[in-house]
Amino acid sequence: LVADATIVRLGATESAFLKASLRRDHLDRIRICCHRTANERLHEMLMAFTKEIYVRPSRHLDKDESLLFLEGFGTIFFFDEEGNVTDQVPLGPIGTGRSFYCRVQANRYHSLLVESDEVLVKETASGPFLREYTQFPSWAPDGSDRSAVNAFLETLRLARRRE
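Residues numbered from 1 in each chain as written. Predicted model: local features only at pLDDT ≥ 70, side-chain atom pairs only at ≥ 80, totals over all residues. Heavy atoms only, no water.

### Thoughts on the sheet that holds strand 4 (residues 65-71)
In a beta sheet, neighbouring strands are held together by backbone hydrogen bonds and run either parallel or antiparallel to one another.
Working step 1: Spatial ordering of the open sheet is given by 1-2-9-4-7, a layout of five strands whose pairing is antiparallel. In this open sheet, the two strands that pair with only one neighbour each are strand 1 (29-33) and strand 7 (101-104). The sheet shows a mean angle of 20° between the axes of neighbouring strands, taken without regard to direction.
Working step 2: Strand direction decides the pairing type here: strand 4 and strand 7, joined by four bridges, are antiparallel. Looking at the pairing, Ser66 lines up with Arg103 of strand 7. (Pairing = 2+ DSSP bridges. Helix = DSSP H or I, 4+ residues; strand = E, 2+ residues; numbered from the N terminus. Axes fitted to C-alpha atoms, helices over the stretch in contact; angles between N-to-C directions.)

### Some details on the sheet that holds strand 6 (residues 85-91)
Working step 1: An order of 6-5-8 is seen for the three strands of this open sheet, with the pairing classed as antiparallel. A single partner strand is all that each edge strand has here, and the edge strands are strand 6 and strand 8 (109-114). Within this sheet the neighbouring strands show an average axis-to-axis angle of 20°, counted without direction.
Working step 2: Relative to strand 8, strand 5 (residues 74-79) is paired through six bridges, and the arrangement is antiparallel. By the bridge assignment for strand 8, Ile76 is matched with Leu112.
Working step 3: Docked against the sheet, helix 2 (residues 146-162) engages strand 5, strand 6 and strand 8, running at close to 100° with respect to strand 5. (Contact = heavy atoms within 4.5 Å.)

### Some points on the nonpolar core
Working step 1: Within the largest apolar cluster, 17 residues are counted, with the highest numbers of intra-cluster contacts made by Phe49 and Ile76.
Working step 2: Elements with a minimum of two residues in this core: strand 2 (42-50), strand 4, strand 5, strand 6, strand 7, strand 8 and strand 9 (118-126).
Working step 3: When sequence neighbours within four positions are dropped, the list of residues in contact with Phe49 reads Leu22, Asp28, Arg29, Leu112, Val114, Asp117, Glu118 and Val119.
Working step 4: Listed in part, the 11 residues of the second largest apolar core include Phe79, Leu113, Val149 and Ala159. (Core = buried A, V, L, I, M, F, W, Y, C linked by side-chain atoms within 4.5 Å. Buried < 20%, exposed > 50% of the residue type's maximum accessible area, 1.4 Å probe, protein only.)

### Observations concerning the packing of aromatic side chains
Working step 1: A full pass over the atoms with the stated rule returns five aromatic pairs.
Working step 2: Members of the aromatic cluster, connected to one another through ring pairs, are Tyr54, Phe79, Tyr109, Trp139 and Phe152. (Phe/Tyr/Trp six-rings, centres within 6.5 Å; stacked < 30°, edge-to-face > 60°.)

### Topic: a nonpolar patch on the surface
Working step 1: On the surface, Ile94, Phe100 and Tyr101 cluster together into a nonpolar patch covering about 320 Å² of accessible area.
Working step 2: Inspection of the secondary structure assignment puts Phe100 in the loop between strand 6 and strand 7. (Patch = residues over 30% accessible without salt bridge, like charges linked within 9 Å, V, L, I, M, F, W, Y side chains within 5 Å. Areas by Shrake-Rupley, 256 points an atom, 1.4 Å probe, with all protein chains shown as cover. Salt bridge = Lys/Arg side-chain N within 4 Å of Asp/Glu carboxyl O.)

### Description of unusual backbone geometry
Working step 1: Each neighbour pair has its own omega, and for Gly127 with Pro128 the value is -5°, a cis peptide bond.
Working step 2: Within the secondary structure, Pro128 sits in the loop between strand 9 and strand 10 (134-135).
Working step 3: Unlike most non-glycine residues, His26 shows phi in positive territory, near 55°.
Working step 4: Relative to the helices and strands, His26 resides in the loop between helix 1 (12-24) and strand 1.

These results come straight from atomic positions and should not be treated as a statement about function.
This is the structure:
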């Protein structure tokens, strides 16, 4: 979805719409893009995810991004070139004892594990968006094999428990 207003306002109505759309349409993710085209220099999105989502590890060449958690809980994982977890940041809204914001530097493999039934997140990223600037590692499942995805997600859950 793309917000097409001159001044983009997002509030409780839009949040409720995203979460209702997740349930109604049996989606694992939905977003409202606050930028109008992929060519803009700044990309801002309000995103809702369910616990079932698989955010395939990736890195963005020369593109920074940040996540601001508004509702729900998750952990962003960082990986080295071989797929070993090098760091993790538990995220949640302000006041939960978790970090509510995380900046992801360019060229770092990362993935998000959603830990609550739903999350609402604001993502900001450098534009323009070019598919060839996103790289997926060979050590992470591509999403086509659900059993491989489930096994990968379980390794992240175990890493999270050890933290």
